[in-house]
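# Per-entry structural report
Next come the chains, spelled out residue by residue.
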Amino acid sequence: MDLDLGPAEMLVVGASLGTLRWLDEELPAGSVVVVEEPDVIDRRGVDELVGRLSVLARVVPAEYQTGFDADALLAREPELAGARLVMPGLEYAVGAAARLAARLGLPGAGAQAADVFSDKHRMRLLAAGAGLPNPAYALVGGPAEAMEFARRHGGRCVLKPTRRSGSLGVRLVADPAEIPAAWAATAAPEAPPEATDRGLPTQVLAEQVLDGREHSVELLVADGEVIFGNVTDKRVLPGPLPVETGHTVPSALPGATRRDLLDAAGRLCAAAGFRTGVLHSEWIVVDGVPHLVECAARLPGDMITALISIGYEFGFIDAYLRVLRGERPALPARPTGAAAVEFLLAQPGTVTGIEGLRPARRVAGVLEVQLDTAVGAPVAPVTSSGRRSGHVLAWGVDPAEAERAARAAAAEIRVTVA
């Protein structure tokens with residue numbers, strides 16, 4: 001990538017290790033400064049990355065997840081004022097990155113839109129005000145309120161924290177009687193590795209269960225104008241923990257439904273006053289109508305950026321960074337192929353054996369096989385996207401071929417546990 005960045009000219013708020021490794025391969029040495037929570041730096045050894053990743057100039061400690069003061073940061077670290085672009089590296093950094101970009105006069109989401117998309121209840125209120133189809137929803141203060149909500153909506157509901165990502169704390173409840181036992185996992189979800197030790201305050205949102213296929217829409221937005229849009233087909237675990245198991249780009253939906261999804265995502269973007277960056281929204285199509293699931297004002301995870309780059313033959317993250325620098329890159333109008341990812345889901349236990357990696361890599365169309373576990377490692381139940389055991393990435397001439405290749409390769413891999 002030829003982004004022409006000088007020393008310390010890119011600020012990344014929140015250290016995503018995967019993103020930083022990608023930046024290390026693509027950007028000039030010393031061009032990136034990471035702003036990270038002091039306790040997260042210590043716990044995850046973020047400052048040690050400076051010697052291992054040539055792209056990193058330094059790591060700056062600053063509290064941003066539960067309150068952020070851009071003026072105080074710049075007064076303490078005046079050299080940060082020379083940045084040419086600011087991006088959030090994590091879900092929990094979206095608000096701080098937007099405020100820092102605005103303070104420096106650089107393109108960004110805008111503080112108001114960042115705050116809306118960092119809180120699932122505020123997002124619901126915005127969508128309802130814009131006339132976008134929502135499931136029925138309500139903030140609930142305890143199990144009794146959640147049980148009453150479920151009874152009003154056919155005995156089922158989804159419980160989710162208002163401020164978490166990666167499916168953390170999300171529970172699909174099939175019977176109101178299950179709610180007291182499920183409540184704590186949503187009201188006080190486990191802390192992700194990137195969260196500060198101060199804790200991340202959250203409320204609990206109860207939502208009506210929507211029956212239908214789930215899709216996501218990825219928009220690249222420059223100064224309020226959508227300049228690129230993609231629809232992704234998603235696969236999720238059945239049952240109470242709807243963790244994503246795979247994605248395919250582009251969507252195999254009929255053209256009219258794809259256009260409806262892109263239009264709905266564009267309306268959500270406009271309603272929020274989102275300015276510049278990426279919006280990753282998730283939808284369930286019910287009786288042909290897209291209903292909003294949730295939306296994040298950041299790069300999508302789960303390999304979706306790689307799928308878009310492969311399916312459309314352009315660097316999606318490269319284009320995102322150029323937009324954050326105020327450019328308008330040339331972008332493809334349609335895909336030239338397709339790509340799919342299938343995630344590996346090992347059973348809970350201790351890994352005793354791994355087989356099938358070589359046959360998986362030999363499946364036609366497979367581009368990458370990554371295993372995130374090893375013999376002797378513990379495997380926890382898959383309660384969030386961070387608990388999966390690896391992935392297979394594949395290419396195809398169309399969505400069906402790409403998905404077949406990814407699923408066939410994943411089926412070759414056997415992780416046995418005791």
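Scroll up a little and you will see the structure.
Description of the structure in this document. (Residues numbered from 1 in each chain as written. Predicted model: local features only at pLDDT ≥ 70, side-chain atom pairs only at ≥ 80, totals over all residues. Heavy atoms only, no water.)

### A word on the pairing of strand β1 (residues 10-13)
Both faces of β1 are covered, namely the face carrying Met10 and Val12 and the face carrying Leu11 and Val13. Taken together, the four bridges between β1 and strand β4 (residues 85-88) define a ladder with parallel strand orientation. Paired with Val12 across the two strands is Met87, which belongs to β4. The pairing of β1 with strand β2 (residues 32-36) spans four bridges and is classified as parallel. (Buried < 20%, exposed > 50% of the residue type's maximum accessible area, 1.4 Å probe, protein only. Helix = DSSP H or I, 4+ residues; strand = E, 2+ residues; numbered from the N terminus. Pairing = 2+ DSSP bridges.)

### A look at the environment of Glu355
Here Glu355 is to be found in strand β15 (residues 349-355). Once you skip the residues sitting within four places of it in the chain, Glu355 turns out to touch Glu412, Ile413 and Arg414. (Contact = heavy atoms within 4.5 Å.)

### Comments concerning the side chain of Glu294
Within the secondary structure layout, Glu294 lies in strand β13 (residues 289-296). There is a polar contact of 3.3 Å between the side chain of Glu294 and the side chain of Lys160. If we ignore the near neighbours within four places in the chain, the residues touching Glu294 are Lys120, Met123, Lys160, His280, Ser281 and Glu282. (Polar contact = N/O pair within 3.5 Å; in protein donor to acceptor, adjacent residues only side chain to side chain.)

### With respect to the state of the cysteines
Under the criterion given, the structure shown has zero disulfides. Of the cysteine sulfurs around Cys295, a residue in no disulfide, the closest is that of Cys269, at 8.3 Å. When its relative accessible area of 8% is taken as the criterion, Cys295 is described as buried. (Disulfide = S-S within 2.5 Å.)

### Overview of the packing of aromatic side chains
Inspection of the entire model under this criterion finds five aromatic pairs. With 6.0 Å between their ring centres and 55 degrees between their planes, Phe228 and Phe316 make a pair best called tilted. Of this pair, Phe228 sits in strand β10 (residues 225-236) while Phe316 sits in helix α12 (residues 316-324), placing them 88 residues apart in sequence. Classification of Phe228 by relative accessible area gives buried; the value is 4%. On the numbers, 6.2 Å between centres and 80 degrees between planes, the contact of Phe314 with Phe316 is edge-to-face. Here the aromatic cluster, defined as three or more aromatic residues joined through ring pairs, consists of Phe228, Tyr312, Phe314 and Phe316. We note Arg388 situated over the ring of Phe343; from NZ or CZ to the ring centre the distance is 3.7 Å. (Phe/Tyr/Trp six-rings, centres within 6.5 Å; stacked < 30°, edge-to-face > 60°. Lys NZ or Arg CZ within 6 Å of the ring centre and 35° of its normal.)

### A few points about the sheet that holds strand β5 (residues 137-140)
With antiparallel pairing, four strands are arranged side by side in an open sheet as β5-β8-β6-β7. Of all the strands in the sheet, just β5 and β7 (171-173) have a single pairing partner and so form its edges. Each strand axis lies, on average, 25 degrees off the axis of its neighbour in the sheet, ignoring direction. Here helix α8 (residues 143-152) sits on the sheet in contact with β5, β6 (157-161) and β8 (204-207), set at roughly 165 degrees to β5. (Axes fitted to C-alpha atoms, helices over the stretch in contact; angles between N-to-C directions.)

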